Each structure stands twice: as C-alpha cells, then as structure tokens.
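Spelled out from the first residue to the last, the chains are:
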Amino acid sequence: MTPTTTAPGAPAKQTAGEAAPARPPGPAPRRGTRRGGSAWTPWLYLLPALAVLGGLLVYPIYQLGLISFLEYTQAQVSGGAPTSFQGFGNYTALFSDPQFRQVLLATVLFAAACVIATLAVGCALAVLLTRVRALPRLALMLAALGAWATPAVTGSTVWVFLFDPDHGPVNRVLGLGDFSWTYGRLSAFALVLMEVVWCSFPFVMVTVYAGIRAIPTEVLEAAALDGASSWRIWRSVMAPMLRPILVVVTIQSVIWDFKVFTQIYVMTGGGGIAGQNLVLNVYAYQKAFASSQYSLGAAIGVVMLLILLAVTLVYLRLLRRQGEEL
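Treat the numbers as computed from the prediction; the structure is a model and nothing was measured.

**Here we look at the overall build of the protein**
Helix and strand content of the protein: 14 helices and two strands. Sorting the 326 residues of the protein into buried and exposed places 32% on the buried side. Sequence-distant contacts in the protein: of pairs separated by 6 or more residues, those separated by 24 or more amount to 66%. For the protein, the accessible area works out to roughly 20600 Å², and carbon and sulfur atoms hold 66% of it.

**Some points on a nonpolar patch on the surface**
Judged by side-chain polarity, Trp40, Trp43, Leu44, Leu46, Leu50, Leu53, Leu57, Val58, Ile61 and Leu305 come together as a nonpolar surface patch covering roughly 1000 Å² of accessible area. Position of Leu46 among the secondary structure elements: in helix H1 (residues 33-68).

**Let's talk about the nonpolar core**
Counting 36 residues, the largest nonpolar core has Leu94, Phe100, Phe110, Ile264, Leu280 and Ile300 as its most contacted members. Elements with a minimum of two residues in this core: helix H3 (89-95), helix H4 (98-129), helix H8 (185-213), helix H12 (262-267), helix H13 (280-290) and helix H14 (294-321). Within the second largest apolar cluster, 27 residues are counted, among which are Val204, Met238, Ala239 and Leu242.

**Here we look at the packing of aromatic side chains**
Between two aromatic rings, the relevant description is the distance of the centres plus the angle of the planes. Taken as a whole and judged by the stated rule, the model has 20 aromatic pairs. Pairing Phe69 with Phe85 gives two aromatic rings, centres 6.4 Å apart and planes at 20°, and the pair type is stacked. In this pair, Phe69 sits in the loop between H1 and strand S1 (70-71) while Phe85 sits in strand S2 (residues 84-85), placing the two residues 16 residues apart along the sequence. Ring geometry for Tyr265 versus Tyr285: centroids 5.5 Å apart, planes at 80°, classification edge-to-face. One end of the pair, Tyr265, is in helix H12; the other, Tyr285, is in helix H13, and 20 residues separate them in sequence. On the accessibility criterion, Tyr265 (33% relative accessible area) is partly exposed. What makes Tyr285 partly exposed here is its relative accessible area of 32%. Ring pairs connect the aromatic residues Tyr72, Phe261, Tyr265, Tyr285, Phe289 and Tyr294, which therefore count as one cluster.

Calculation criteria
- Residues numbered from 1 in each chain as written.
- Predicted model: local features only at pLDDT ≥ 70, side-chain atom pairs only at ≥ 80, totals over all residues.
- Heavy atoms only, no water.
- Helix = DSSP H or I, 4+ residues; strand = E, 2+ residues; numbered from the N terminus.
- Buried < 20%, exposed > 50% of the residue type's maximum accessible area, 1.4 Å probe, protein only.
- Contact = heavy atoms within 4.5 Å.
- Areas by Shrake-Rupley, 256 points an atom, 1.4 Å probe, with all protein chains shown as cover.
- Patch = residues over 30% accessible without salt bridge, like charges linked within 9 Å, V, L, I, M, F, W, Y side chains within 5 Å.
- Salt bridge = Lys/Arg side-chain N within 4 Å of Asp/Glu carboxyl O.
- Core = buried A, V, L, I, M, F, W, Y, C linked by side-chain atoms within 4.5 Å.
- Phe/Tyr/Trp six-rings, centres within 6.5 Å; stacked < 30°, edge-to-face > 60°.

Structure (structure tokens):
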C-alpha cells in the first residue's frame, strides 16, 4: 500500500482505528449563559420607561376604574360618609340616563366630522405643498405650525372674538349682522369644528407631506404621463403608498377629537344653552366637579377609554385583513 502524502501545513487525515485528538485542557464552556443573559437585557433597558408609564398611565387608569365602582361623592371625599362598593351601579345609572345617550351620540358624530374635515384639509394642503415654490411653501408651513403651537384656550378665545355678534369681523365681512354663532346648536358645533380643524390640520399636513416626499418621483411622473388627473394620482397612487401614515394620523385624530374639552368649554360657555353642545369630556367634568359625583365622572372616563380602544383595535384589524403592514 502506498503511503498518502499531505501538503505541508495541512491537517493530517484521521484513518480508521486512530483515536480522535484529545480536547485541550481547560474549563468546558457552559451552554445557555449568553442566551440567558441576553434575554433580560432588553427588559433592563425598558425598565425605566416602564416604571414611568406605570406611574403616569397604569396607576391613574386603575384608580379611575376603581372609583367608577364605588359610591364616591363629596361626602366620601370629606370623610362624612363611608365609601361603599356599588358594582356596576354607576354604569347602570349612566346608561339609563337619556342625557348621557344624547351626549354620547353627539360626541361620536362631532368627532367623526372633525376627523374627516381634519384629514381632508391636511391632505389637501400637503399635496399643495408639493406643487408650490419654496417661498410660498415656507410661508404656509410657518402659518400652519403657528396654528399648531397656539394653546387651545388662546385659540378658542380668538375664534370667539372673530365670530362675536357685536364686535367680530367675520359677521361684518359676511353681512350677517348680529347673528350669534353660539346660540344655535348646529352653528355652535360648526364653529367649534372649524377651530378644532384649524389647530389640528398642521399635524396631518406635515406628516403626510413628509410621506409624499418619500414617494419616488418616477412613480408620480409615470402616472402623470399615463394621463391620470391629480385626484386620480392621489387616490390610486399616493393614498395606497401612504396608508401606514394615514393610519397613524387617523388614529391620532380620533383620539384627539373624541376627547375635545377646551374648545367646547370655552367657546360655548361650558356646553351651550341648556347643555345643547355637551360632549363626553365636558359632561364628565360637570358630573365630577360641578355635581360632585366623582364616581359617575370616573365611569364616563372609563367608557371613553373603552370606546377609543375599541375603535383603534377594530381599525387596525381591518387593515390587517387587507394585508397592510403598519
């Protein structure tokens, strides 16, 4: 048998009958040490944020839900009467109140109108920003950011002055005389809606504009060369590509507009004549602080939380069924 030769420096092949080379001495590596250690590392980084969220979010929600199941009025706050457990008694009294059902319906309709108007104005102005030159774009951006940065109390007060029946310039320009916008139910809601859209559309405009700038120009140019109109380009090209961004701004607008308080309270004087312009947030404030029925106010807060959570989950579920990635 001819011996086999190996190249210099190459490891020798193990032949049959030869023992495997012994492992060099030393401690054997322990399995799972690195994996077990790395599994807790993300939680250690998240621990400060979770602690802050627990103190600022989880604990107040817990207290809100707890108070909603108790009899908690001014007598219990001052210590004149013991606190008693009511179960779902507060919720039963709440849903049996016809005023609550009326306020709930008004809140849903008002929030839906605000969301639709805000998205329409914000998306239209975002498309407009892509069509104008640098100087008008800068002026529009600064004006929108100024409206966005204005405090809600200040903006509401300015809008009340602009539409004042005696001294407001809007009635003079439109020739409406001494027409009072806050006297009628629908006109008051319309006035508040315009103010809410005015202070909310900049967020939609800036976010959608950033998304449009991220769309490749070749796609838009190809659609224009195919003869698509501006509306068709938006509906068939831009909107599908901007769907994740539109989901974010829609959910954010729903949350903001559903819990409107300052605009209604300031512009309608606490809910309008005989409470005709009440929404859930103002209604909860009246129950909790004006009537000292803190348990009913807490129950209204829990109902609002559950409604917003349900709307958000249903909207996300519908998008997932359509195969959209968020």
